[in-house]
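Chain residues, written in single-letter form:
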Amino acid sequence: QKSRVARPILACLLLLLALSPAEAALGASPRILRLKGGGKAAFNMEFDKQGYVDILRKLIGENRHLQNNPPLNVPQEDLASGHVMRTLEPYSVENGGVLKLRRETFVQGRGNLIIEYPCGDPKAPYCSFVGSHLDVVPANPDDWDFDPFQLHVDGDMLKGRGVTDCLGHVALLTQLFVQLAIKKPKLKVNVACVMIANEENSSILGIGVDELVKRGMLQHLKTGPVYWVDSADKQPCIGTAGCVAWELKGHGKLFHSGLPHQAINPIEMLMEALSYCQRRFYADFPPHPDEEKYGFVTCSTMKPTQWSYPGGGVNQIPAEATISGDMRITPFYKVQAAFDALKGYVDDLNKDITQLPCRGPCSKYVLPQDDLVGKLEVKMIGAPYSGIACKLDTPGHHALVSATKSVLGSAKPYSLTGSLPLVYELQQEGFDLQIVGYGLMKTYHAKNEYGLLSDFEHGFRILSQVIQNVSDSTN
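Residues numbered from 1 in each chain as written. Predicted model: local features only at pLDDT ≥ 70, side-chain atom pairs only at ≥ 80, totals over all residues. Heavy atoms only, no water.

Can you lay out the nonpolar core for me, pointing to particular residues and giving the numbers?
Counting 57 residues, the largest nonpolar core has Y52, I115, F129, F177, M195, Y227 and I467 as its most contacted members. Ranked by residues supplied to this core, first place goes to helix 5 (residues 163-183) with 11 residues. Not counting residues up to four positions away in its chain, the partners in contact with Y227 are C127, S128, F129, V130, G396, A399, L400, Q434, V466 and V470. (Core = buried A, V, L, I, M, F, W, Y, C linked by side-chain atoms within 4.5 Å. Buried < 20%, exposed > 50% of the residue type's maximum accessible area, 1.4 Å probe, protein only. Helix = DSSP H or I, 4+ residues; strand = E, 2+ residues; numbered from the N terminus. Contact = heavy atoms within 4.5 Å.)

Structure representation (structure tokens):
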């Protein structure tokens, strides 16, 4: 599961309709990409394995300060982007090179890094790589078999927090732009990269890609495909799920467990209420026909993941208890509609809580003598975010599939019910948004995280070929 995007971003995305200052200065809109085909071998780009490991080692060496779990861990993404900038600065325009580098910062120490390789034609469309982020999820060294805060190289294995998600991709894109700067291929597209801050947390906005979008700083990328490079397993990811986290609280009556007939047991009430809500959820959001087309391995789901209660003795029936969980919603249903349905289920139960079966002859949800009725309360945790079904008939998709086939021998697009921030909103605003990544899905957010050097080399070759395909197919 990936990090979250709040609903205010939907309003912010309306600002994308305005031209960026750079485009306004040109006096004309850039050309729009039309993919015609392609298939040439990628220009002579070389993956520097040692250079890749060197920059990744520096990035992983900062990850203790890149952990994103406020208020305990507030990342300082500039520590990571600083290494990228120092690697690329010898090739910058300021130093006689070709790369344009700039850091866009909205919160001190937490900037986003934008890199561009211009083709020389100010009206040319863009081929962009977005989404590789400079923060990581926390790691507890006591749970790991090795130190997560430094890079360990074991043959083909690269081990450490952030190798798969997502510092390995930051290092990959750094090497890609080093090679663009060295080889200076003649292209018909501008190539851009946006390395973002604050991807792993949505409770605080105005830091990362949401603020870039709000200020119209990505508007010009709409002229060509945008590849969100934060996925895994080397194949195109064509679908992700939306997610809404929920909390269901049961209010009962505290009493001695030896006299259960004088209590309202919120734990039992919640068990039955959850079962009721799940039955209705799966009736209202059944497997969708397009899930098979996109290769989703599961349908939309609703499930509990946490239990809690205020505490007390084992011989006490508590006054309240809480179940928390989430709904993962395939992109063919609306996330808000799913939560509204859940709220409706709970409202129906509160109208007549006795419709829930009791657990034995002494279990009750109503105590007439005390004028007490068990009550349920549901609320959303955080902000919902939507899944995406990538467009399968666009230039960006065809370029990625072709490049993947060229390098790996076959392309096997897949979908999963993990979630990514902002991708749906970008697609709704007209971006040809595609998703890919070269870490390992099985190590995402996991202890003992690792990736494979050979996979990132494949990623380098695929993205190089993508650029070639997009350039060759530009009018």
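Give me the lowdown on the side chain of N68, citing residues and values where you can.
Inspection of the secondary structure assignment puts N68 in the loop between helix 3 (49-60) and helix 4 (78-88). At 3.1 Å, the side chain of N68 and the side chain of N198 are in polar contact. (Polar contact = N/O pair within 3.5 Å; in protein donor to acceptor, adjacent residues only side chain to side chain.)

Please provide a residue-by-residue account of the packing of helix 4 against helix 5, values included.
Running from amino to carboxyl end, helix 4 crosses helix 5 at an angle of 15°, the nearest separation of the two axes being 10 Å. Judged on the interaxial angle alone, helix 5 and helix 4 are roughly parallel. Note that helix 4 runs across helix 5; the crossing there is right-handed. When helix 4 is examined against helix 5, the residues V84, T87 and L88 are found in contact with a partner set consisting of V170, T174, F177 and V178. Looking at side-chain class alone, the contact of helix 4 with helix 5 contains 5 nonpolar, 2 polar and no charged residues. (Axes fitted to C-alpha atoms, helices over the stretch in contact; angles between N-to-C directions. Parallel < 35°, antiparallel > 145°, perpendicular 65-115°, else oblique. Left-handed = near helix turned anticlockwise from the far one by under 90°. Nonpolar A, V, L, I, M, F, W, Y, C, P; charged D, E, K, R; others polar.)

Got a sec to walk through the environment of G224? Specific residues and values, please.
Relative to the helices and strands, G224 is located in the loop between helix 6 (209-214) and strand 7 (225-229). For G224, a relative accessible area of 5% puts it in the buried group. Sequence separation between G224 and Y126 is 98 residues, and the spatial gap between their C-alpha atoms is 4.9 Å.

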